[in-house]
Amino acid sequence: MRIYIDGHSFHYEMEKLVRLFYPDEKLTVIAADSGEPEKPYVYTAISERDGKLQITARVNIAGFDRSGCAEISINTADIKKEAERTLAVCVYDLLCEYTGRQQPWGILTGVRPIKLFRRLSEQGGEAFAKEYFTQKLKVSPEKTELSAITEGYEKKILSLSQPDSFSLYVSIPFCPTRCSYCSFVSQTIERAKNLVEPYFELLCRELEYTAGIVKEKKLRLESVYIGGGTPTTLDPYQLSVLIRIIKQNFDMTTCREFTIEAGRPDTITKDKLCAIIEGGVDRISINPQTLNDSVLEVIGRKHNTAQFYDSFRLARQLGFRHINTDLIAGLPSDSVESFRDTLDRICELSPESVTVHTLALKRSSRLTLEGAGTSSDSGAAAAGMLEYCEKRLMENSYHPYYLYRQTRMQGNLENVGWSKGGFDGIYNVFVMDETHTIVGCGAGAVTKLKEPCSDSLKRIFNYKYPYEYINGFEEMLKRKDQVKSFYDELS
């Protein structure tokens with residue numbers, strides 16, 4: 001399908017909007033000329049006449065040919081933003097009419113709807129934000145209410161951050177196998193086992209070097225998150241050393257949360273969990289994704305439900321007081337009934353937090369490469385799963401404490417972190433809101449330097465793959481010096 005652009009620069013925004021309705025179709029963005037557009041197409045135009053911007057949209061697909069228009073005074077505050085919104089609404093309304101489908105998040109295509117809701121609330125109060133979401137952005141009442149509840153919990157966490165705050169992310173980019181939906185930069189242990197030891201040694205060096213910089217700049221550590229990949233592909237000794245390196249080199253006196261993704265149940269052993277809890281880690285994530293063994297097999301997870309239960313119970317016996325579990329709605333071959341059963345069984349275990357993701361079909365995932373796509377049926381199923389989550393988890397005293405979205409999600413839905421009182425995952429909120437600096441160490445990690453009292457971010461990228469990280473390590477350390485210069489300029 002072609003998207004014609006006439007008299008404006010909102011190329012990317014229009015493509016993302018149309019993709020909400022056609023996630024798997026090739027979209028071509030074309031500058032309009034004087035000729036007749038080639039069908040099928042979405043035509044978008046902005047022009048000025050008599051002191052007003054004229055907004056025009058037209059959709060011509062398979063015999064459906066409708067136009068919509070609006071106008072805005074050129075004296076409107078923040079006119080560029082309002083012109084983009086108005087054009088998006090015109091296109092959205094036409095596509096809703098043609099497809100017979102409305103999007104739960106309306107015209108919103110961004111990752112952080114809660115951040116937008118917070119800005120609107122600060123501007124005019126919660127009632128204003130809700131009305132803007134439903135009336136101006138076409139967000140459903142249900143998602144608007146979810147946003148309001150989530151923002152209230154996020155606000156409490158964000159208030160903990162200070163201008164000199166930072167959080168530490170540590171990447172372990174190895175997994176036992178690659179899941180069919182995964183697009184993360186990680187490698188299987190079978191293929192990369194010879195890289196693990198040299199990678200680990202250099203990671204410890206990077207952590208020591210980085211700690212020297214943040215100490216010199218007197219930054220305040222708020223949270224630590226060791227993710228991946230699957231950090232528990234490391235052996236017990238390596239886990240102990242990694243935790244010790246962090247605690248010896250970084251000032252942990254202000255650290256509010258220390259998380260390790262135990263992740264895959266097939267990588268969890270008693271010795272590894274002992275190394276983690278004895279090191280002082282206070283939050284782990286054990287992620288079944290589903291408790292349906294046939295679905296686990298389809299998505300390439302090499303563990304089963306029994307292994308998840310064994311891992312969870314072992315963690316409880318060893319004294320872990322905050323266990324998170326990750327689930328995914330919309331997995332291939334899963335059904336609404338099966339997902340409900342999974343969630344009911346998770347609730348019986350009563351983890352302190354549950355993160356419910358909606359399947360996002362990334363371009364580089366095996367599922368996408370094998371031809372999997374989104375459909376109205378799969379989107380409706382995922383929506384049913386999330387509706388049940390909201391009802392069931394709230395009944396069990398969980399609340400939504402953070403929320404974010406991704407491209408090509410089933411049903412154009414969302415990912416939500418749910419927790420019991422006092423167990424919100426603060427790193428998740430800090431990183432998603434881009435509240436303060438995130439210092440990243442390891443392959444694929446990105447350091448995001450945040451200017452206080454500003455939305456400005458400076459990014460420093462580590463090499464993506466373990467072999468690149470190893471071969472280019474000295475260059476990586478030089479890049480870390482940008483953290484020092486960044487804060488020197490601020491002072």
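For the structure given in this document, a descriptive report is provided here. (Residues numbered from 1 in each chain as written. Predicted model: local features only at pLDDT ≥ 70, side-chain atom pairs only at ≥ 80, totals over all residues. Heavy atoms only, no water.)

**Quick look at the packing of helix α8 (residues 270–278) against helix α10 (residues 305–318)**
Then step 1. Between α8 and α10, whose axes approach to 10 Å, the crossing angle comes to 40°. Judged on the interaxial angle alone, α10 and α8 are oblique. Read as a crossing pair, α8 and α10 show a hand that is right-handed. In contact with K270, L273, C274 and I277 of α8, α10 contributes S311, L314, A315 and L318.
Then step 2. In the contact of α8 with α10, the residues fall into six nonpolar, one polar and one charged. (Axes fitted to C-alpha atoms, helices over the stretch in contact; angles between N-to-C directions. Helix = DSSP H or I, 4+ residues; strand = E, 2+ residues; numbered from the N terminus. Parallel < 35°, antiparallel > 145°, perpendicular 65-115°, else oblique. Left-handed = near helix turned anticlockwise from the far one by under 90°. Contact = heavy atoms within 4.5 Å. Nonpolar A, V, L, I, M, F, W, Y, C, P; charged D, E, K, R; others polar.)

**What to know about the side chain of D334**
Then step 1. With respect to the element layout, D334 can be found in the loop between β12 (323–329) and α11 (336–349).
Then step 2. Buried within the structure, D334 lacks any salt-bridge partner; R345 is the closest side chain of opposite charge, at an N-O distance of 9.7 Å.
Then step 3. Here the side chain of D334 touches S338 through a polar contact of 2.8 Å, side chain to side chain.
Then step 4. Here D334 is in contact with T290, N292, V295, F339 and M385, once residues within four sequence places are set aside. (Buried < 20%, exposed > 50% of the residue type's maximum accessible area, 1.4 Å probe, protein only. Lys, Arg positive; Asp, Glu negative; His and termini not counted. Salt bridge = Lys/Arg side-chain N within 4 Å of Asp/Glu carboxyl O. Polar contact = N/O pair within 3.5 Å; in protein donor to acceptor, adjacent residues only side chain to side chain.)

**Quick look at the nonpolar core**
Then step 1. Core analysis: the biggest nonpolar cluster contains 124 residues, and L168, L207, L242, I246 and F250 have the highest contact counts within it.
Then step 2. A per-element tally of this core places helix α6 (residues 189–216) first, with eleven residues.
Then step 3. Residues in contact with F250, not counting those within four places in the same chain, are F166, L168, L207, T210, A211, V214 and L221. (Core = buried A, V, L, I, M, F, W, Y, C linked by side-chain atoms within 4.5 Å.)

**Side note on the pattern of salt bridges**
Then step 1. Scanning the model with the defined rule gives 32 salt bridges in all.
Then step 2. Residue R112 is joined to E434 by a salt bridge in which the shortest nitrogen-to-oxygen separation is 3.0 Å. One end of the pair, R112, is in the loop between α2 (79–99) and α3 (113–124); the other, E434, is in the loop between α14 (426–433) and β16 (437–441), with 322 residues separating them in the sequence.
Then step 3. R112 gets classed as partly exposed once you look at its relative accessible area, which sits at 27%.
Then step 4. A salt bridge links R264 to D266; the shortest N-O distance between them is 3.7 Å.
Then step 5. The class of D266 is partly exposed, set by a relative accessible area of 26%.
Then step 6. Several salt bridges share partner residues, and in doing so they unite R118, E151, E154, K155 and D433 into one network.

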